[in-house]
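Spelled out, the chains give:
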Protein chains: 2
Amino acid sequence: MCYSFGQKVFITTSIGPTLADTPRSSPSTLLDVARRAGVSPSTVSRILNGTAKVSDDKRRAVLTAIDDMKFAPNQMAQGLKKGRSMTIGIVVQDISSPFFDETLRGVDDGLKGTGYASVIVSGHWNAEEEADRIRLLLARKVDGIILLSGRIDDDTVLSFAGQRPIVSTGRAIKTRTALGFKMDNEYGAYLAVRHLIELGHRHIAFISGPTNNTDAADRLAGYTRALREAGIAIDARLIVEGNFHEASGMLAMNRLFDTGQPFTAVFAANDLSAYGARLALYRKGVRVPDDISLVGFDDLPGSAYTTPPLTTIRQPLYDIGRIATHALLRVINGEEARGEVPPLELIVRETTRRLR
Amino acid sequence: MCYSFGQKVFITTSIGPTLADTPRSSPSTLLDVARRAGVSPSTVSRILNGTAKVSDDKRRAVLTAIDDMKFAPNQMAQGLKKGRSMTIGIVVQDISSPFFDETLRGVDDGLKGTGYASVIVSGHWNAEEEADRIRLLLARKVDGIILLSGRIDDDTVLSFAGQRPIVSTGRAIKTRTALGFKMDNEYGAYLAVRHLIELGHRHIAFISGPTNNTDAADRLAGYTRALREAGIAIDARLIVEGNFHEASGMLAMNRLFDTGQPFTAVFAANDLSAYGARLALYRKGVRVPDDISLVGFDDLPGSAYTTPPLTTIRQPLYDIGRIATHALLRVINGEEARGEVPPLELIVRETTRRLR
DNA sequence: CTGTTAGCGCTTTCAT
DNA sequence: ATGAAAGCGCTAACAG
């Protein structure tokens, strides 16, 4: 039964057969097709793979047989035989974060038309779990792995790369089968803070990311460099730690106010924490950008629709996904992997303003 | 090479070996393990699967061999033999939408510890493409399919269900191998509009979803029912069509103003279009909720952090994912699939206010 | 151009 | 309790 009662929805189904014990309309095999078309299995295979010339009449016979029987080659059998599963593994840290979404979209587009499918697993920001998931992918015989914001160390990546090619973001490695590339986070943060300084701000707070995260550390470095270059002293009270999530941005903002230190602008280490900071500001009745300027980092899709739209550092998330995919595919095929990731750039929207 | 130059990042790698032509540290097979442990392959298999009793000494020998050789069974071979790939297919419509994200998170959690992995494909809101993707999944021998917001018609689903069990959202089907359940969208919309009416609003605009979408149609129905019940005449000029995306919400809002019809509240058919509408309002200098009340539908994770936080109808996206997964797993195992999806509910946040 | 044969790595009767 | 042997569905020599 499946009935909707008022607002509740119940679903039930009677006891059905097991996947194992019911052949269903058991899918036809290549052998079935061969028999039906009156040819040998190899001929069918050859047509399927374009491996060799086949006479037109046989080809026609096979093609119609395939059509009639709605035959589709069993990918597991193909994979077992060819040693290629035609699937690649993607390791993300959070299956439902707009950050990874954009990259995944790039991967998806990069895979389009290649015959490859992807299985996505999450490391949940945890090195142990991440390594486990990678082992799982390897057991599944994925042909390659894309590691996004990996937590495991480079040596571990390298050892996995002994089994299958890996391309990873956020690390600078390069061997025969492992390739990594990282964005210049320090530079991005520098850009953000310099923008604020150019607008006349001198008291600029920073909501950092988790200290154990290299991207976060790089962004902090960019923040301090911009300040130093402008001859502005670093005030430790204006730097509070967040964890890249909305709630932490909100908390951080409140802590900033609690210190009593004056500031006219805040740079959040990522958009998500900027959203949280924005809410804290709203709750306090502080106007953005009139009273406080705010800049984020990432340029998530939603950042163009916040109120007001967020000034931020754009990460080419989609491109990273596409480029990583292309690179991996090339390595898998023994070609030279080469790619250029667009640089980080400042997107000035409406949360920053010149200090009068 | 992998070098970072200023802000640009270049990646290159020299020509490497093909996946095919390099055995790498070719993974050990079950046979290798058997030889090393001095037993037959069957014994190893039995230990791996717990299929039969094995003497303690042999078991120990095998286990250490497995450890030494870092053996992991080839899933393709296992799958081919057992007729189970331990993979399920997930069909979404947009690989990077917060809407699907939440559901995917539910699926991911539902799969945790089951040994199943998922391959996610996107139908891109297109029935043709969706059917294609499903065929691909079937060729990959997924053990079951979860179809989220499918575009294909029920008959097509049913025919696919002949090959593998399918559970789908947004449809009321129920056969031996196909199970669908849909949320009561009409009721949800009704809830939203009634809330507005209770707050004293009489002129309530509606930014609809695409007219060819059943969820959108249901929500429109709920809107009209609430109005009718309250004795408020439906004003066609207050209903404008959107397409569920931010930009369309923004456009719709502007069109609403262009009509010149007065209104004090707007109900957007989903959160994304509410975000767009919110921006249009901001641009026009219209305050929310002081001048105009706004309510959305979905309760995306971001909706708690908009400025101000969005009043909306909560869809139990995560639960839907989990429940669908459990149901599918049960069908796969020949058990009775049964589940209850939490009802839609109104979440009152800060974008609605009582009309003075 | 096409068929026959031998596996890919694993599980599973069937004997013992 | 354990091994031998057959085979899942496909591809790739190897003959012809």
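Residues numbered from 1 in each chain as written. Chains lettered and ligands numbered in written order. Predicted model: local features only at pLDDT ≥ 70, side-chain atom pairs only at ≥ 80, totals over all residues. Heavy atoms only, no water.

By the naming in an unreviewed UniProt entry, chain A is Substrate-binding domain-containing protein, taken from Duganella lactea.

**Student:** Explain the nonpolar core here, please?
**Tutor:** What tends to happen in soluble globular proteins is that the nonpolar side chains get buried as a cluster. By size, the foremost hydrophobic cluster in this structure holds 149 residues, and its most contacted members are Ile 90, Ile 207, Met 253 and Phe 267 of chain A together with Ile 90 and Phe 267 of chain B. If near-sequence neighbours (up to four positions away) are discounted, Ile 90 of chain B is found in contact with Leu 104, Val 107, Ser 118, Val 119, Ile 120, Val 121, Leu 137, Ile 146 and Leu 148 of chain B. (Core = buried A, V, L, I, M, F, W, Y, C linked by side-chain atoms within 4.5 Å. Buried < 20%, exposed > 50% of the residue type's maximum accessible area, 1.4 Å probe, protein only. Contact = heavy atoms within 4.5 Å.)

**Student:** What exactly am I supposed to notice about the interface of chain B and chain A here?
**Tutor:** Reports of interface size often rely on the accessible area that becomes lost once the parts have come together. Listed as interface residues are 102 residues of chain B and, on the opposing side, 104 residues of chain A. Contact between chain B and chain A buries roughly 8500 Å² in total, counting both sides, with carbon and sulfur atoms accounting for 59%. At the boundary of chain B with chain A, the tally comes to two salt bridges. The closest approach of N and O atoms between Glu 350 of chain B and Arg 283 of chain A, which form a salt bridge, is 2.1 Å. (Buried area = accessible area lost by both parts, 1.4 Å probe. Salt bridge = Lys/Arg side-chain N within 4 Å of Asp/Glu carboxyl O.)

**Student:** Looking at this structure, how should I read the relation of the copies chain B and chain A?
**Tutor:** Both copies of the chain are related through a single rotation about an axis accompanied by a shift along the same axis. Mapping chain B onto chain A is achieved by rotating through 180° and translating by 0.0 Å along the same axis, at an RMSD of 0.1 Å. Overall, the copies show the geometry of a two-fold rotation axis. Closest to the rotation axis within chain B is the C-alpha of Val 119 of chain B, separated from it by 2.3 Å. Comparing interface residues between copies, 100% of those in chain B also sit at the interface in chain A, which points to an isologous, same-surface contact. (Least-squares fit on C-alpha atoms with pLDDT ≥ 70 in both.)

**Student:** Can you walk me through the protein's contact with DNA strand C in this structure?
**Tutor:** Neighbouring residues of DNA strand C: 23 residues in total, closest Ser 42, Arg 46, Ser 55 and Lys 81 of chain A together with Leu 30 of chain B. When the atoms of DNA strand C within 4 Å of the protein are sorted by group, sugar and phosphate make up 65%. Taking Arg 46 of chain A, its side chain carries an N or O atom lying 2.6 Å from a base nitrogen of DNA strand C. With respect to DNA strand C, the side chain of Gln 78 of chain B contributes an N or O atom lying 3.0 Å from a phosphate oxygen. The set of elements that each furnish at least two residues to the surface near DNA strand C consists of α2 (41–49) and α4 (75–82) of chain A together with α2 (41–49) and α4 (75–82) of chain B. When residues in the surface near DNA strand C are grouped by element, the largest group, four residues, is from α4 of chain B. The residue inventory of the surface near DNA strand C, partitioned by class, reads seven nonpolar, 10 polar and six charged. (Near = heavy atom within 4 Å. Polar contact = N/O pair within 3.5 Å; in protein donor to acceptor, adjacent residues only side chain to side chain. Helix = DSSP H or I, 4+ residues; strand = E, 2+ residues; numbered from the N terminus. Nonpolar A, V, L, I, M, F, W, Y, C, P; charged D, E, K, R; others polar.)

**Student:** Would you mind showing me how to read the sheet that holds strand β12 (residues 311–314) of chain A here?
**Tutor:** The pairing of strands in a sheet comes from backbone hydrogen bonds and takes either a parallel or an antiparallel form. Residue and element names in this part refer to chain A. Here we have six strands laid out as an open sheet, ordered β9-β8-β10-β11-β12-β14, and mixed in their pairing. In the strand order of this sheet, the two ends are held by β9 (239–241) and β14 (345–347), each with one partner. Strand-to-strand twist across the sheet, computed as the mean angle between neighbouring axes with direction ignored, equals 20°. Sheet contacts for helix α9 (residues 214–229): β8 (204–208), β9, β10 (265–268) and β11 (293–298); angle to β8, the most-contacted strand, approximately 170°. This element, helix α10 (residues 246–259), spans β8, β9 and β10 of the sheet and lies at about 145° to β8. (Pairing = 2+ DSSP bridges. Axes fitted to C-alpha atoms, helices over the stretch in contact; angles between N-to-C directions.)

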